[in-house]
Amino acid sequence: MTTSADAKSMPPPSRGLGPASRVPRRPADVPFMGTLPPDDAPRVLEVANVTKKFGDKLVLDDVTFHVPVGEFLCLCGPNGAGKSTLLKAILGLVTPDKGSVRIAGLSAREGRSKIGYVPQRKAFDRDFPASPLEVIVANLRGRWPLRITNAERELAMAMLEKTGATSLANAQMRDLSGGETQRVFLARALATKPELLILDEPTAGVDVGGRAAIVDLMAEISGSASIAAILVTHNLQAVARCAERVVYLERTVRAWGLWSELSADQDLSAIQIASGDHHALAMDGD
Ligand SMILES: Nc1ncnc2c1ncn2[C@@H]1O[C@H](COP(=O)(O)OP(=O)(O)OP(=O)(O)O)[C@@H](O)[C@H]1O
Ligand SMILES: [Mg+2]
């Protein structure tokens, strides 16, 4: 029989891992800090106290987190939360008003070459006449290819093979489906041998079959110890197999921890419903 003295000496249940009913309520302005990466792990990305205003509007407020070498991190949050602005700050396209971004110990500008970026599909001009092979080589060179060398062709083909897109090498970009386009962009990013991959909603606008193939690919990348990734998505459930950790951003870091901790936390579900992002923990919909 358990006496009340026994009950007092029992350790409290760990936050977020037990049944939701045992998780104590937390005030909305207190961030959830779950299991964070070990302090001594080398970091490929360090975002420290990043603050950004557009006019009077505070879009990023004292954002701090880091990504250790080889970790796959999911960045989620409701529309307008500042996710794209944060990615732009990491890519050196937006200068923070305060705080800093370090990539493998370098400034955002110096570290840019260590990042492979897969933009949102809508960012690409679909009518531009180019083949996947040309798109990959142009990105490696920083200018449009006149003649592709054998070495460039070999590298590009190896990357297309990795993403299951070999047969598309000489197709026209404008003829590709959403899923095929994303596979080409993933190959294009991988060809630069990045230390950090940045994927902005890679399954948005992709049908269910193509989505599963992309998630499989991301899971494979996430298993590689040498490459870290930040994946922006509204669909936490879909990336369960890839993402070790999640940062939940809403102008500031509202939660940071293991995928399992965030998806089990009752307060976080409440935050997401309150902020109108009904898809954040749902089964479908980017
Ligand atoms: N260049 C800019 N000038 C003024 N306001 C901007 C600019 N860029 C973004 N914003 C504003 O900053 C806020 C955050 O935008 P951001 O695109 O970073 O959000 P997001 O989390 O990526 O949203 P979504 O999920 O819709 O893509 C929005 O209110 C947006 O209107
Ligand atoms: Mg965005």
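The structure under discussion appears in the preceding block.
Remember, it's a predicted structure, so these values are computed and weren't measured experimentally. (Residues numbered from 1 in each chain as written. Chains lettered and ligands numbered in written order. Predicted model: local features only at pLDDT ≥ 70, side-chain atom pairs only at ≥ 80, totals over all residues.)

Participant: Break down the overall build of the protein chain for me, with residues and values.
Facilitator: Scanning the protein chain from terminus to terminus reveals 9 helices and 11 strands. Evaluated residue by residue, the protein chain yields a buried proportion of 41% over its 286 residues. Counting only contacts in the protein chain whose residues sit at least 6 apart along the sequence, the fraction spanning at least 24 positions is 69%. (Helix = DSSP H or I, 4+ residues; strand = E, 2+ residues; numbered from the N terminus. Buried ≥ 20, exposed ≤ 12 C-beta atoms within 10 Å, placed from the backbone. Contact = placed C-beta atoms within 7 Å.)

Participant: Lay out helix H6 (residues 178-190) with the relevant residues and their values.
Facilitator: Relative to the 18 Å expected for 13 residues at 1.5 Å per residue, H6 spans 18 Å between its end C-alpha atoms, a close match to the ideal helical length. Summarising burial for H6: 12 of the 13 residues are buried, a large majority. Taken residue by residue, H6 has Gly179, Glu180, Thr181, Gln182, Arg183, Val184, Phe185, Leu186, Ala187, Arg188, Ala189 and Leu190 as its buried positions. Residues of H6 that are buried sit in contact with strand S7 (115-118), helix H4 (132-141), helix H5 (150-162), strand S8 (196-200) and helix H7 (208-222). (Expected span 1.5 Å × (residues − 1).)

Participant: So, the pairing of strand S9 (residues 228-232): which residues are in play, and what are the values?
Facilitator: When a strand is regular, its side chains alternate between the sheet's two faces. Here S9 lies mainly inside the structure; 5 of its 5 residues are buried. Of the two faces of S9, the one holding Ala228, Ile230 and Val232 and the one holding Ala229 and Leu231 are both buried throughout. Two elements, strand S4 (residues 72-76) and S9, share 4 bridges in a ladder whose sense is parallel. Among the inter-strand pairings, Leu73 is bridged to a residue of S9, identified as Ile230. Two strands pair when backbone bridges link them, and S8 and S9 are joined in this way by 5 bridges, in the parallel orientation. The residue of S9 that forms the bridge with Leu196 is Ala228. (Pairing = 2+ DSSP bridges.)

Participant: Tell me about the site of ligand 1, and please be specific about residues and values.
Facilitator: Around ligand 1, a shell composed of Phe54, Val59, Gly77, Asn79, Gly80, Ala81, Gly82, Lys83, Ser84 and Thr85 is seen. Residues of the shell around ligand 1, tallied by class, amount to 3 nonpolar, 6 polar and 1 charged. (Near = placed C-beta within 6 Å. Nonpolar A, V, L, I, M, F, W, Y, C, P; charged D, E, K, R; others polar.)

Participant: Before we move on, could you go through the sheet that holds strand S11 (residues 252-258) and cite the residues and values that matter?
Facilitator: Reading across the sheet, the 7 strands line up as S1-S11-S10-S4-S9-S8-S7 and stay open at both edges, with mixed pairing between neighbours. The open sheet has two edge strands, strand S1 (32-33) and S7, and neither has a second partner.

Participant: Give me H4: which residues, what numbers.
Facilitator: Taken together, the buried positions of H4 are occupied by Pro132, Leu133, Val135, Ile136 and Val137. Buried residues belonging to H4 abut H5 and H6.

Participant: A description of unusual backbone geometry should follow, citing residues and the corresponding values.
Facilitator: Even without being glycine, Asn49 reaches a positive phi, approximately 55 degrees. Here Asn49 lies in strand S2 (residues 43-54). What makes Asn49 partly exposed here is the crowd of 13 C-beta atoms within 10 Å.

Participant: Could you give me a rundown of the sheet that holds strand S6 (residues 106-107), with the residues and numbers involved?
Facilitator: Read from one edge to the other, the open sheet built from 4 strands follows the order S3-S2-S5-S6, with strand pairing classed as antiparallel. Bordering the open sheet on either side are strand S3 (57-68) and S6, each of which pairs with just one other strand. Direction of pairing for S2 relative to strand S5 (residues 98-103): antiparallel, over a ladder of 5 bridges. For Ala48, the partnering residue across the bridge sits in S5 and is Ser100.

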